[in-house]
Amino acid sequence: MRSRVWHAHVMTSLVGCTALVLGVTGTVAHAQVAQVAQVAQVAEVAQAAQGRDLGRETLAVGDGWGSEGTGTTGGSAADSSHVYTVTTWAEFKAALRAGGNAPKIIKVKGMIDAVSEGCEAFVAGGYDLQQYLKDYDPAVWGNDEVASGPQEDARVASAVNQDSEIKANIPSNTTIVGVGKNSGILGGSLQIKGVSNVIMRNLTIEAPLDCFPKWDPTDDNRTGNWNSEYDAVVVYGTDHVWIDHNTFTDGRYPDSERPVYFGKVFQQHDGLTDIVRGANHVTVSWNRFQDHDKNMLIGNSDSTATTDAGKLKVTMHHNRFDGILQRSPRVRFGQVDVYNNHYVVTENQKSDYYIFGVGISSQLYASDNAISLPAGAAVGKVLKKWNEAPLTAENNYVNGKRTDLIAVHNAEIPEETLQSGAGWKPTLRTKVDSPRAVPGIVNSRAGAGKVC
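A short tour of the structure in this document, coming up.

Scoring rules and cut-offs
- Residues numbered from 1 in each chain as written.
- Predicted model: local features only at pLDDT ≥ 70, side-chain atom pairs only at ≥ 80, totals over all residues.
- Heavy atoms only, no water.
- Buried < 20%, exposed > 50% of the residue type's maximum accessible area, 1.4 Å probe, protein only.
- Helix = DSSP H or I, 4+ residues; strand = E, 2+ residues; numbered from the N terminus.
- Disulfide = S-S within 2.5 Å.

**Some thoughts on helix 9 (residues 438–445)**
Of all eight residues in helix 9, seven are buried, a share of seventy percent or more. Every buried residue belonging to helix 9 is among Val438, Pro439, Gly440, Ile441, Val442, Asn443 and Arg445, and all of these are buried. With its phi angle positive at about 110°, Gly447 sits one or two positions after the end of helix 9.

What follows is the structure, encoded as structure tokens:
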């Protein structure tokens, strides 16, 4: 059964390069859907005719935490010698290294593959998955000690090879944009680490696949678990970042197709977009997050108050989350503003999902969002309590009906009672749309290829 998604009447107007949704009520007719698609095609032609350069665009004043202070301008001021068009992973990494922290614009043309030669290219030390499974089978190894020995050593050596190849370090004052509708990165891990002022737009990003997951026999109450590395995007100790109009997905390697070993899914994915370790002033807007388990951590440890307290200020607006099982986001420490997003939970996720994770010292302000749940899904699971931390959750709609998420959560899950009141109110917001209109607006405009 497909999840029940409430739709809306869409009125469109051409603004610059794309179809702009102006209002939403009622039900979309087929003819209107076709009209929207036709207008979008006209918009794409208009963009090309106008010669619009996404690399020169900056985050608007007042658009979320990323606009705080000096704002986020990325590489918009780059001179002509620091504008690069890349078509391979090697060219992409070379462009990142060129010119140090001078403003630069990198245009990604087509889908470039960070693992074009396959996992076999990283194998070292005689690593062999079948032998690894034989050596660490719980019936042989047990669950009292972590894996060690020749095959684990070989796995680590192989993982080091993959790590060095698929990670790309993004310098300060950089804008990365996809060219056209179908450009992006397959299997790479973008590290926005210890820098400042970065923009990522119009990219399709397929989450990196960990070729060499680790079996930890002692994990999960000594029943064992597979643990993987590599987030698609990591914002680590970095300030002023704008992540806009991208599509994040597991793509060719959905978790549903991963094998099961020792009774546990052979997990080869980690997060899609994690914002951690003192990162600050980030706006995440108009993206699509699709078909993934762990989506977004804002703060990755309860023990990082010295670096995270007073930081991790993030705005998330007008994103679509479709088939995301958890962490949309899970928050520690930060003042996080989440508004006008559309969350779609699928039928096969309804018994084991959550959307908003409330962690230590978090100050989550979630309002004016739209949530679509399949029949029988518990509304109380929208919120998940990890630590005592009051939040604000107001004017959110579930299946078209205004719902007090905190009250429903506390009634359905009384052992995780949540307190209301985040202790702050967002001021850095663009136009706040009616949550009843959000599904139509976001579904037609969020993601790569739909920059407006």
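**Topic: unusual backbone geometry**
Cis geometry marks the peptide bond from Ser328 to Pro329, where omega comes out at 5°. With respect to the helices, strands and loops of the structure, Pro329 is situated in the loop between strand 24 (320–326) and strand 25 (330–331). The backbone phi angle of Arg222 is positive, close to 60°, even though this residue is not glycine. With respect to the helices and strands, the residue Arg222 is situated in helix 6 (residues 219–222). Using a relative accessible area of 46% as the deciding quantity, one classes Arg222 as partly exposed. If you check the backbone angles, Asp368 has positive phi at about 60° while not being a glycine. The residue Asp368 is located in the loop between strand 29 (363–367) and strand 30 (370–372) in this model.

**Observations regarding the state of the cysteines**
Inspection of the entire model under this criterion finds one disulfide. The disulfide that involves Cys119 links it to Cys211, with 2.0 Å between the sulfurs. With the S-S bond torsion at -70°, the cross-link from Cys119 to Cys211 turns out left-handed. Residue Cys119 is found in the loop between strand 5 (111–113) and helix 3 (129–136), and its partner Cys211 is found in the loop between strand 11 (204–206) and strand 12 (214–216); the two are separated by 92 residues along the sequence. Residue classification places Cys119 among the partly exposed residues on the basis of a relative accessible area of 25%. Using a relative accessible area of 9% as the deciding quantity, one classes Cys211 as buried.

Remember, this is a structural readout, not a statement about activity or role.
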